[in-house]
Amino acid sequence: MKFGKRLKRQIEETLPEWRENFISYKDLKKLVRLTSSGGPSGEVAEAQFIRLLDAEIDKLNAFFVEQEEDFIIHQKVHLPIDPISVSTLLLSPVNQDFLRRRPQELQERIRSAVETHSPSEVQLAAEMIKIRKDIVNLHGEMVLLENYSSINYTGSDLLLLVLLLCRN
């Protein structure tokens, strides 16, 4: 399957509020094709390509950082998580520091659930299920963000490769 089709399918399957934040692969690809024509029009197209690619990378990065911050805020408010299970998805130093503090909060939440619901094992089990669901939901959101990052990186990499091939 060609990358453009794969990207289109990924965009259709993603969260609606994320759709406009993917790389404008089709527009960039058109500019790459125009660069191969050579001459002054090819140089103009290449300059436009570079400006658009730069703007797209800024857009992708801003969206990624915004989502990352939203996840951190969500975690601080709602979700104590185990850093071992998701630390590979959150690589920034800010997140690593945040994750190092999470085991204590998770233990505190579990201890609170045990103390609050000690007479009733059913209530304790229900609270533990809620905690596990929160962890699974966060993991799913982080996988989406990782896929977003990966597919956009691949698109920009392919476009730059084609541009280099067109120059030679």
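Anything mentioned here points back to the structure above.
What you see is a predicted model, and the numbers here were worked out from it, not measured in a lab.

### A look at the overall build of the protein chain
At step 1: Regarding its fold elements, the protein chain presents 6 helices and 0 strands.
At step 2: When the helices and strands of the protein chain are listed from N to C terminus, the series reads α-α-α-α-α-α.
At step 3: Residue burial in the protein chain is summarised as follows: out of 168 residues, 31% are buried.
At step 4: Taking contacts inside the protein chain between residues at least 6 apart in sequence as the whole, the part at least 24 apart equals 66%.
At step 5: Carbon and sulfur atoms provide 56% of the accessible area of the protein chain, an area that totals close to 10,800 Å².

### Quick look at the side chain of Asn-152
At step 1: Looking at the secondary structure, you find Asn-152 in helix 6 (residues 121–167).
At step 2: Given the relative accessible area of 3%, Asn-152 is considered buried.
At step 3: When residues no more than four places from it in sequence are discounted, the contact partners of Asn-152 are Phe-22, Ile-23 and Leu-60.

### Some details on the environment of Phe-3
At step 1: Residue position: Phe-3 is located in helix 1 (residues 3–13).
At step 2: Spatially, the C-alpha atom of Phe-3 lies 8.7 Å from that of Leu-158, the residues being 155 residues apart in sequence.
At step 3: Once residues lying within four places of it in the same chain are set aside, the contact partners of Phe-3 are Tyr-25, Ile-151, Thr-154, Gly-155 and Leu-158.

### Some thoughts on the nonpolar core
At step 1: Leu-7, Ile-23, Phe-49, Tyr-148 and Leu-159 are the most contacted members of the largest nonpolar core, which totals 21 residues.
At step 2: Listed by contribution, the elements that provide at least two residues to this core are helix 1, helix 2 (25–35), helix 3 (39–78) and helix 6.
At step 3: Ignoring any residue separated from it by four or fewer positions in sequence, one finds Tyr-148 in contact with Trp-18, Asn-21, Phe-22, Leu-60 and Phe-63.

### Some words on the pattern of salt bridges
At step 1: Counted according to the given criterion, the structure contains 2 salt bridges.
At step 2: Taking the shortest distance from any N to any O, the salt bridge between Lys-59 and Glu-56 comes out at 2.9 Å. Of this pair, Lys-59 and Glu-56 both sit in helix 3, 3 residues apart, which is roughly one turn of that helix.

### Here's the deal with a positive patch on the surface
At step 1: Judged by side-chain charge, Lys-2, Lys-5, Lys-8, Lys-26, Lys-30 and Arg-33 come together as a positively charged surface patch.
At step 2: For the positive patch, the elements supplying multiple residues, two or more each, are helix 1 and helix 2.
At step 3: Take the positive patch: its biggest share by element is 3 residues, from helix 2.

### Side note on the packing of aromatic side chains
At step 1: This model, assessed by the stated rule, comprises 5 aromatic pairs.
At step 2: A ring pair is formed by Trp-18 and Phe-63, whose centres lie 5.2 Å apart and whose planes are at 80 degrees; its orientation type is edge-to-face. Here Trp-18 is found in the loop between helix 1 and helix 2, whereas its partner Phe-63 is found in helix 3, with 45 residues between them in sequence. A single burial state applies to Trp-18 and to Phe-63, both of which are buried.

Rules behind the numbers
- Residues numbered from 1 in each chain as written.
- Predicted model: local features only at pLDDT ≥ 70, side-chain atom pairs only at ≥ 80, totals over all residues.
- Heavy atoms only, no water.
- Helix = DSSP H or I, 4+ residues; strand = E, 2+ residues; numbered from the N terminus.
- Buried < 20%, exposed > 50% of the residue type's maximum accessible area, 1.4 Å probe, protein only.
- Contact = heavy atoms within 4.5 Å.
- Areas by Shrake-Rupley, 256 points an atom, 1.4 Å probe, with all protein chains shown as cover.
- Core = buried A, V, L, I, M, F, W, Y, C linked by side-chain atoms within 4.5 Å.
- Salt bridge = Lys/Arg side-chain N within 4 Å of Asp/Glu carboxyl O.
- Patch = residues over 30% accessible without salt bridge, like charges linked within 9 Å, V, L, I, M, F, W, Y side chains within 5 Å.
- Lys, Arg positive; Asp, Glu negative; His and termini not counted.
- Charge placed at Lys NZ, Arg CZ, Asp CG, Glu CD.
- Phe/Tyr/Trp six-rings, centres within 6.5 Å; stacked < 30°, edge-to-face > 60°.

Any link to function would need more than the numbers given here.
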